[in-house]
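Summary of the model geometry
Chain residues, written in single-letter form:
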Amino acid sequence: MNCYRSANTLFISLFMFFAGVLPSLINVANAATPANSTTSVEVQTELTHARLMSETTQISPGQTFWVGLALTPSEDWHTYWRNPGDAGKATSIEWSLPAQFTASAIHWPAPSRLPSEPVVSFGYPADVLLPVQITVPADLQTDTVTLKAHARWLVCKDVCIPEQAELILTLRVGKQGQPTADAALILDALHQTPLEATVSSEFGSSHATPDAGDHVGSQIDLRISADAQLLNNITAAFFFPYASDIINNAAAQPLTIGKSHLGLVIPTLPTVAEDLLNKQRDARDLAGVVVIETGTGRAAWAINPTLNTALPPLVAITTTANSLSLFEALLFAFLGGLILNLMPCVLPVLSLKALAIARKSGAERAAIRAQGWVFAAGVIISFLIVAGALLVIKAAGAQIGWGFHLQNPLVIGVLIYVLFLVALNLSGVFEVGAGLQGVGQKFAHNNSAWGTFFTGVLAVMVATPCTAPFMAPALGFALTQPMGIALAVFLALGIGFALPLWLVCQIPAAQRLLPKPGAWMDTFKQLLAFPMYLAAIWLIWVLGRQSGPNAIGIILLGCLALGFATWVMTKQWKTFLRISFMVLAIVAAVMALHSVSKTSGLEHATSSNTAHAGIETEPYTPARLADLRAAHQPVFVNMTADWCITCMVNEKVAFTNNANKIFVEKNITYLIGDWTNYDPAITAYLAEFKRSGVPLYVYYDANDNVTVLPQILTERILLDALGQ
């Protein structure tokens, strides 16, 4: 096998030499190089494409400029950082430069952890560009120069293969060059290199750990000062030392965020902390890189700590680690699903469910049990579809959260149509069966099970504007986990939501508590139409807030067309005539829906102060919040949306005249983040608090203490949070 690989490597090397390297060398030697151009020889090894690139097309005497070694390994293969961690080898470059040219060390972009149980390495999971600065001598007198680099690297997947390449870069010499097509790539790589940071380190005494009595554990408490606005956005951090014999690479590094610092507890190799305290090791061994992750990306700091054992404890204002275990997340999701049945946005559909159960209460037990299972299937499948869409869109790089689909006018329009048709059916305008069950019959040839299934689907769609207690931490946990775990949390949410009706259908004693079917049900059915009309009116208002008054007129015309179609359906006209009118009306409704999706929306948030629940407010921006906190000004942040009924109820119940007086007396600035339409800054803020949706209420007092309020507010809860 080794012989085969060696022969294969030799063949590829020879092929690349004759097919690529040799013609390039001939061109360099024999062809006149155009002005303002560079010539670079690229090499394809067995597993990596390597290239040397320049930021400029032409160099001048005395200039410094950047070149970059670009390595693009095959899919799923990786290369290593300057400290490769538990296994691996750093990339190296040996330069052959013209006389008096000098090359700096590699400017390493921030690395990533590369776990491969039980070891963890540090490196680059995909392509990487390693910048190097070249200095040109002031007395250079030639028309062209050639830079040669012998690069060596280790590329690994399940196995590791050392590779190397001879790379050549030829540049013209002149007064001033132009940026090359590669200049942006080099600049981007330089942006990924660590910035300098102010750092102090705090060491506690070494302590023995109960590990068979023969292991001595130690740790380093690392503290880094940072801007308050940046601290607010940090979601994770990790320390990568330059030295390879300092930390336990595979161990977690608990993170704490303070008022002006972040703290990392870094488990070290045995005796490291003790050796530092006893000056048997130099503090310079702690130099390295801290990589931070925020809601919008990642950044890195180059640190060179000094020893300091007298720092006070770091007071935490929040923790960025996931505070829930998987079991707790599943339990919270289940409880949140149960409570979601009682939320105001679900009440209209609860009425439909009650009617459906009452109609079936005199039927055979097997049929009633089947209704419970079918409804649960509709609920659970709908939750998993919404969750899957959310996770796929997030994996593609978008920042979205719970209820994201209600930020789309097209989805709002479809829901308006569905609720309007259900209301017309309950009002008796047209009869295709009992409520949504009848709608389902149309889909499934009079099979009422489909109607029950779509009742569950509608319940989920209308429930998504709400965030019940326990749901927020569970969904925040889910959206930071792999897809399998995330879907398990959403499955628990769906089970909790479907459970009450399912139990009623499965337990005969519960069924006996339901009222008996009778003539009263026609009146009750017609009464239930009004919550449906109300829900449709609310969504029309939301659509207007999203897309402007024109959208309201367009969607009302669409509803008129649907109403006409249902009226035509009840007439005893000739089949061709009836179908023709119905098709025309439905086409008109669809065109209205399409027009709504294309309607340009209004700017929802304003730049000026407005009154909200009787309190003077300002629109939330990260910069405004940072300025207020830096000035030690108390701030109340309300993340809300027009489609969030829970938010509206909270504002009516909690933000009373008493609360308004407290805001005025304490000079509390009230910032409103309106998430009715998509806003990446608000999405990032929600992610800081491990939330995936609104409402979110956060209070920062004058001492910069942070209080996160519950999703369901009362006046008393709000006053207690404000210190009254």
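As shown above, the structure is provided for reference.
Quick summary incoming for the structure in this document.

What counts and what doesn't
Residues numbered from 1 in each chain as written. Predicted model: local features only at pLDDT ≥ 70, side-chain atom pairs only at ≥ 80, totals over all residues. Heavy atoms only, no water. Helix = DSSP H or I, 4+ residues; strand = E, 2+ residues; numbered from the N terminus. Buried < 20%, exposed > 50% of the residue type's maximum accessible area, 1.4 Å probe, protein only. Contact = heavy atoms within 4.5 Å. Areas by Shrake-Rupley, 256 points an atom, 1.4 Å probe, with all protein chains shown as cover. Axes fitted to C-alpha atoms, helices over the stretch in contact; angles between N-to-C directions. Parallel < 35°, antiparallel > 145°, perpendicular 65-115°, else oblique. Left-handed = near helix turned anticlockwise from the far one by under 90°. Pairing = 2+ DSSP bridges. Disulfide = S-S within 2.5 Å. Phe/Tyr/Trp six-rings, centres within 6.5 Å; stacked < 30°, edge-to-face > 60°.

**Notes on the overall build of the protein chain**
Scanning the protein chain from terminus to terminus reveals 21 helices and 28 strands. When burial is assessed residue by residue, the protein chain has 47% of its 724 residues classed as buried. When contacts within the protein chain are restricted to residue pairs at least 6 apart in sequence, those whose partners lie at least 24 apart make up 74%. Counting only carbon and sulfur atoms, one obtains 60% of the accessible surface of the protein chain, whose full area is about 33,500 Å².

**What to know about the packing of helix α14 (residues 520-547) against helix α15 (residues 549-569)**
Contact geometry for α14 and α15: axes closest at 6 Å, N-to-C directions at 140°. By the criterion of interaxial angle, the relationship of α14 to α15 is oblique. Crossing angle aside, the handedness with which α14 passes α15 is right-handed. Here α14 contributes I540, L543, G544 and S547 to the contact with α15, which in turn contributes P549, A551, I552, I555 and L556.

**Digging into the sheet that holds strand β6 (residues 79-85)**
The antiparallel open sheet is built from three strands, whose spatial order is β6-β10-β9. Two strands bound the open sheet, and with one partner strand each, they are β6 and β9 (112-116). Direction aside, neighbouring strands of the sheet carry axes that sit 45° apart on average. Bridge analysis of β9 against strand β10 (residues 119-124) gives five bridges, and the strand direction is antiparallel.

**Digging into the state of the cysteines**
Tallying each qualifying case throughout the model produces one disulfide. The disulfide partner of C156 is C160, and the gap between their sulfur atoms is 2.0 Å. Residues C156 and C160 are joined by a disulfide whose S-S torsion is about 120°; by sign, that bridge is right-handed. With a relative accessible area of 1%, C156 lands in the buried category. Exposure remark for C160: the relative accessible area of 43% places this residue in the partly exposed category.

**Overview of the packing of aromatic side chains**
As enumerated under the stated definition, the model contains 21 aromatic pairs in all. A centroid spacing of 5.6 Å and a plane angle of 90° characterise the contact between F453 and F454, whose relative ring orientation is edge-to-face. According to the relative accessible area criterion, F453 is buried, its value standing at 18%. By relative accessible area, F454 is classed as partly exposed at 25%.

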